[in-house]
Amino acid sequence: MTPPRAWRRHGLALALAAVAILLLLRDDVAHLLSIWWTSTTFGHCLFIGPVIAWLVWQRRRELAALTPVAWWPGLVLVALGGLGWLMGDAGSVSFARQFGLVVMLQGTVVTLLGPQVARGLLFPLAYALFLVPFGEELEPPLQAVTVRIVMPLLHLAGVPATSNGVLIHAGRYWFEVAEACSGAKFVIAMLAFGVLVANLCFVSWRRRAGFMVAAIVVPVLANGLRAFGTIYAAHVTSVEAATGFDHIVYGWVFFGLVMAAVLGIGWRWFDRAPDAPAFDPARLPIVRRGLVALPLATLLTVATAGVWPLWSSAIAHRAAPLPAHIDLPPVAGWARVPLSRAAPWQPYYPGADHVLFGRYARDGAAVDLAVAVFGSQGEGHKIGAFGTGAIREEDRWVRIADDAPIAGGAVLRMTAPGGAGRPVERIVATWYVVGDGVTADERVVKIETMKAKLLGGPQRAVAVHLSAEVVPGRDARADIAALAAALGPVPVLADHLAAPR
């Protein structure tokens, strides 16, 4: 078969298989598109598809010299992507599902075009991984780095400033180094940009590595300078003028200047000619083993991808039966009292089957107990979803920092505006019960959720929060620890609340 005719047949088979997989996993496709379109952190993903198409077009002459073949070992990659998707679905981890979807599509290319063509398309195929939104976990450490950059600069500029976690009190104003100000969105976008430039403009792996270091470090330093500039401008003018200018610069100018700076740093070390071929077709070995008929390969590809959604459907409806009504338990030595009006707070779990909230008092101590109970977890009703938990997205409460654990529970310090313009501080301790285990780590929650769904274990999940206001004359941590001890083991409390009556 001539190469042009083979390309037409295999290209059509690839298109049909890819469309079938996208339809099978259409919910994940819709979720991806929504993230790309609405998230300022992952808006750069909208450009990844066109960049991949351009990279393939660059290779058109070299690809024309190759003959595509159907290669059944590529189904292993499709299956691995499907397994990753299933694990993400079982653990309610969107990243794993989306990553699995992309890997399945990569495996489809390898299966229906063959390893020779896949080697020629190696970089565009690998670059497709940037279609998957990732990197939000960088926000807390980058917030801390930004504060560490800003504080010495403020002192050097003569601005009186103190910091409390991610909060900076400088001159007349309080500033929060929020997630959006951490610089994570630019670091993530610069990572994708840096990888592209490193491939197109460098041959030496040492120079590529050096350029990637610059592509990550420069945005972090530049973001720290931007944050300092905003705070200093507010100090000498007003916070309204400074933040208004900052939003314009941050959105339209800042990233362009950072890109230009990184390119300027690497320009003199570019060692790849602009017209150099992406690969040499003559150096790619001809495929002689693992060949299979194209129609069969197409059917096997779609079938391999379709197994995992079917498996997910088979295990999807295993919610634990919950009582119609539950209430917080009485606690020996403690009395239920009205909730705080000075610093009201409640965790946010919109998908929970039951949410309970109450305040307990004893000898001057006042501690809030919040419980969220889930019969099962899934998209839209899970523990650890973005914007849920102790602090909801765009909440009046702002995270200050993590603190030392209390009775095994993860501890968070947070603040909110109080009366007379004075901030109010709270400490919140958190435990999660998933299946038969208790943890304070959301990553473990996802693993235990996945195990329960895949292996048929208990599906219920419970979030427990204990919180106390930081007030003069009281040790909020000690008060929380005292109520935690009086409540007893967290799994026993969860069993009491979630057990069918």
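In short, a report on the structure. (Residues numbered from 1 in each chain as written. Predicted model: local features only at pLDDT ≥ 70, side-chain atom pairs only at ≥ 80, totals over all residues. Heavy atoms only, no water.)

A few words now on the packing of aromatic side chains. Here the structure, examined in full by the defined rule, presents 11 aromatic pairs. A centroid spacing of 6.1 Å and a plane angle of 80° characterise the contact between Y349 and F374, whose relative ring orientation is edge-to-face. Of this pair, Y349 sits in the loop between β4 (335–337) and β5 (354–362) while F374 sits in strand β6 (residues 365–374), and the two are 25 residues apart along the sequence. Comparing Y349 with F374 shows no difference in burial state: the two are buried. Each residue in the set F123, Y127, F130 and F134 is aromatic and connected to the rest through ring pairs, giving one cluster. (Phe/Tyr/Trp six-rings, centres within 6.5 Å; stacked < 30°, edge-to-face > 60°. Helix = DSSP H or I, 4+ residues; strand = E, 2+ residues; numbered from the N terminus. Buried < 20%, exposed > 50% of the residue type's maximum accessible area, 1.4 Å probe, protein only.)

Looking now at unusual backbone geometry. Note on backbone geometry: most residues besides glycine have negative phi, and most peptide bonds are trans. At D363, a position not held by glycine, the phi torsion is positive, near 50°. Mapping D363 onto the fold places it in the loop between β5 and β6. Judged by relative accessible area, which is 70%, D363 ranks as exposed. Positive phi values are uncommon outside glycine, yet A407 reaches one of about 50°. Note on placement: A407 falls in the loop between β7 (398–406) and β8 (409–417).

What follows deals with the nonpolar core. Looking at soluble globular proteins, one finds that nonpolar side chains tend to be buried together. I48, L55, Y127, L131, L196, V258 and V262 are the most contacted members of the largest nonpolar core, which has 45 residues in total. Sort the elements by how many residues they give to this core and helix α10 (residues 184–201) lands first, with 10 residues. Sequence-distant contacts of Y127, defined by excluding residues within four places in its chain, comprise I48, V51, I52, L55, A192, F193, V195 and L196. Membership of the second largest hydrophobic core comes to 31 residues, among which are A365, V373, L497 and A498. (Core = buried A, V, L, I, M, F, W, Y, C linked by side-chain atoms within 4.5 Å. Contact = heavy atoms within 4.5 Å.)

Functional significance is not addressed by these values, which are geometric in nature.
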